[in-house]
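Report on the structure
This is what each chain is made of:
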Amino acid sequence: MTRINRNYLKLPGSYLFSTIGKKVREYEAAHPEKKVIRLGIGDVTQPIAPEIIKALHQAVDEMADEETFRGYAPDLGYEFLRNVIAEKDFKARGCEISAEEIFISDGAKCDCGNIQEIFGMENSIAVQDPVYPVYVDSNVMAGRTGSFDAGRQQYKDVIYMPCTVCNDFAPELPGEVPDLIYLCFPNNPTGAVMKKDRLQEWVDYANEHGSVILYDAAYEAYIHEADVPHSIYECEGARTCAIEFRSFSKTAGFTGLRLGFTVIPRSLVLDGVSVHDLWARRHGTKYNGAPYIIQRAGEAVYSVEGRKQIEKQIGYYMENAGIISEGLKEAGYSVSGGVNAPYIWLKTPDQMTSWEFFDFLLENANVVGTPGSGFGPHGEHYFRLTAFGNRESTIEAIDRIRKL
Ligand code: MLT
């Protein structure tokens, strides 16, 4: 008899953002007269920048001509894109990363979810708590996490690293040494960052213990402060212990276009095996590459004009972040994030649970956010709002919350 992968049964019924989406649709169906404002899922609202649209059009035209038509993309990505990334994202910041260490994909979510496949099942994993659900869920599916302890709201074999107001939402080095360490900075959901000296401690720790850091830098473009590293490879020794994930989704509004990349340095060697080669083998077998036209659009993100346009867009979202933070502070909320990240992390009032506050806000202000407990037990009594709305609805949402 055919069996299913029973690890899936250890997961919550649906993915966090699907649960929220369903609740909101039900509310709207019951109250068609209400204008609901969505500041829940971190999805962008501003159109793709003109320079990128121009590159898309050009690439589409190339596909219409036999001379310039492209079929399958190279497994690991087109060189024009890998070269410009190596140059502008890494070399320009003093990081020693070459084009052939960059793997183009259709986004950081898939890469963060899939990367665990190339590591042994016996490896222990550590995650920040609260945490982007993909890291834990993908390891649950693989069978690496043990069963779910409903009392503690944790999987038994996962090392949860609390991120609280006491450590500025950046975890301490764990006492029990994990094999795989997921770090995300600027952080989703808290919006926190880790300064370079602290990140260097993590790199030293990983090298000392033979751990691997899986570093999600999807929100790197939102960093404004000077002493915050944009890449883990700004730290000495990271080439032997770290993999980095990047995304065009939030940097350039590609949540619908889909483009990202993963960096695996040649010097990351485990059990005498090159991790780079393993990922290349996996990529070549299970993936046919991001579409040519999208990779051309990605290249345009690095052009002088393209960069100017996306910086303006990021500035727009960060102004939203300021409006949300300031408005909430004036209304008496305790708020963090929103400075180097497009997420605002607030403490729920009156000891409300995260889901109680979700319902309260939906029903009384018709505003949707994300309950902190959906990101892990230390997210309980917290709530996340995104700065990716448009200006008008962001102002309106904060106005409504203030009036509550
Ligand atoms: C979020 O809201 O956390 C993001 O949209 C998740 C993602 O980028 O997959």
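So, on to the nonpolar core. In terms of nonpolar packing, the biggest core is built from 56 residues, with I52, I213 and F254 touching the most fellow members. The biggest single contributor to this core is helix α3 (residues 79-90), with 6 residues. Leave out the neighbours within four places in its chain, and I52 touches A252, F254, A297, A300, V301 and I310. Ranked by size, the runner-up nonpolar core spans 45 residues in total, among them Y27, Y219, A397 and I398.

A few words now on the domain arrangement of the protein. Split into domains, the protein comes out as domain 1 (13-47 + 306-403) and domain 2 (53-304). Tallying the contact residues gives 30 residues for domain 1 and 41 residues for domain 2. Summing both sides of the interface, domain 1 and domain 2 together bury roughly 2800 Å²; the carbon and sulfur share of this comes to 60%. The tally of links from domain 1 across to domain 2 stands at 0 salt bridges. Seen at the junction of domain 1 and domain 2, the total is 12 residue pairs in polar contact (both at pLDDT 80 or more). Every element with two or more residues in the side of domain 1 that touches domain 2 is listed here: α10 (304-330), β13 (335-337), β14 (343-347) and β17 (382-386). When residues in the side of domain 1 that touches domain 2 are grouped by element, the largest group, 8 residues, is from α10.

Right, let's get into the environment of F383. Along the chain, F383 turns up in strand β17. Spatially, the C-alpha atom of F383 lies 28 Å from that of I310, the residues being 73 residues apart in sequence. For F383, the residues in contact, after removing those within four places along its chain, are I344, W345, L346, T348, S354, F357, F358, L361, G369, T370, P371 and G372.

The end-to-end C-alpha separation of α10 is 39 Å, in line with the 39 Å expected for 27 residues at 1.5 Å each. Looking one or two places after α10, you find G332, whose phi comes out positive at around 95°.

Time to look at the packing of aromatic side chains. Tallying each qualifying case throughout the model produces 26 aromatic pairs. With 6.4 Å between their ring centres and 65° between their planes, F17 and F375 make a pair best called edge-to-face. Of the two residues, F17 is situated in helix α1 (residues 16-30) and F375 in the loop between β16 (370-371) and β17; the sequence distance between them amounts to 358 residues. Classification of F17 by relative accessible area gives buried; the value is 14%. F375 sits in the buried class, given a relative accessible area of 2%. Three or more aromatic residues joined by ring pairs form one cluster here, namely Y15, F17, F169, W345, F375 and Y382. Lying across the ring of Y382, K347 places its NZ or CZ 4.7 Å from the centre. One Lys or Arg, R391, reaches over the ring of Y316 and ends 4.5 Å from the middle of that ring.

Taken together, D197, E201, D204, E208 and E236 make up a surface patch of like negative charges. For E208, the position within the fold is in helix α6 (residues 196-209).

Conventions and cut-offs
- Residues numbered from 1 in each chain as written.
- Predicted model: local features only at pLDDT ≥ 70, side-chain atom pairs only at ≥ 80, totals over all residues.
- Heavy atoms only, no water.
- Core = buried A, V, L, I, M, F, W, Y, C linked by side-chain atoms within 4.5 Å.
- Buried < 20%, exposed > 50% of the residue type's maximum accessible area, 1.4 Å probe, protein only.
- Helix = DSSP H or I, 4+ residues; strand = E, 2+ residues; numbered from the N terminus.
- Contact = heavy atoms within 4.5 Å.
- Domains from an automatic or database assignment.
- Buried area = accessible area lost by both parts, 1.4 Å probe.
- Salt bridge = Lys/Arg side-chain N within 4 Å of Asp/Glu carboxyl O.
- Polar contact = N/O pair within 3.5 Å; in protein donor to acceptor, adjacent residues only side chain to side chain.
- Expected span 1.5 Å × (residues − 1).
- Phe/Tyr/Trp six-rings, centres within 6.5 Å; stacked < 30°, edge-to-face > 60°.
- Lys NZ or Arg CZ within 6 Å of the ring centre and 35° of its normal.
- Patch = residues over 30% accessible without salt bridge, like charges linked within 9 Å, V, L, I, M, F, W, Y side chains within 5 Å.
- Areas by Shrake-Rupley, 256 points an atom, 1.4 Å probe, with all protein chains shown as cover.
- Lys, Arg positive; Asp, Glu negative; His and termini not counted.
- Charge placed at Lys NZ, Arg CZ, Asp CG, Glu CD.

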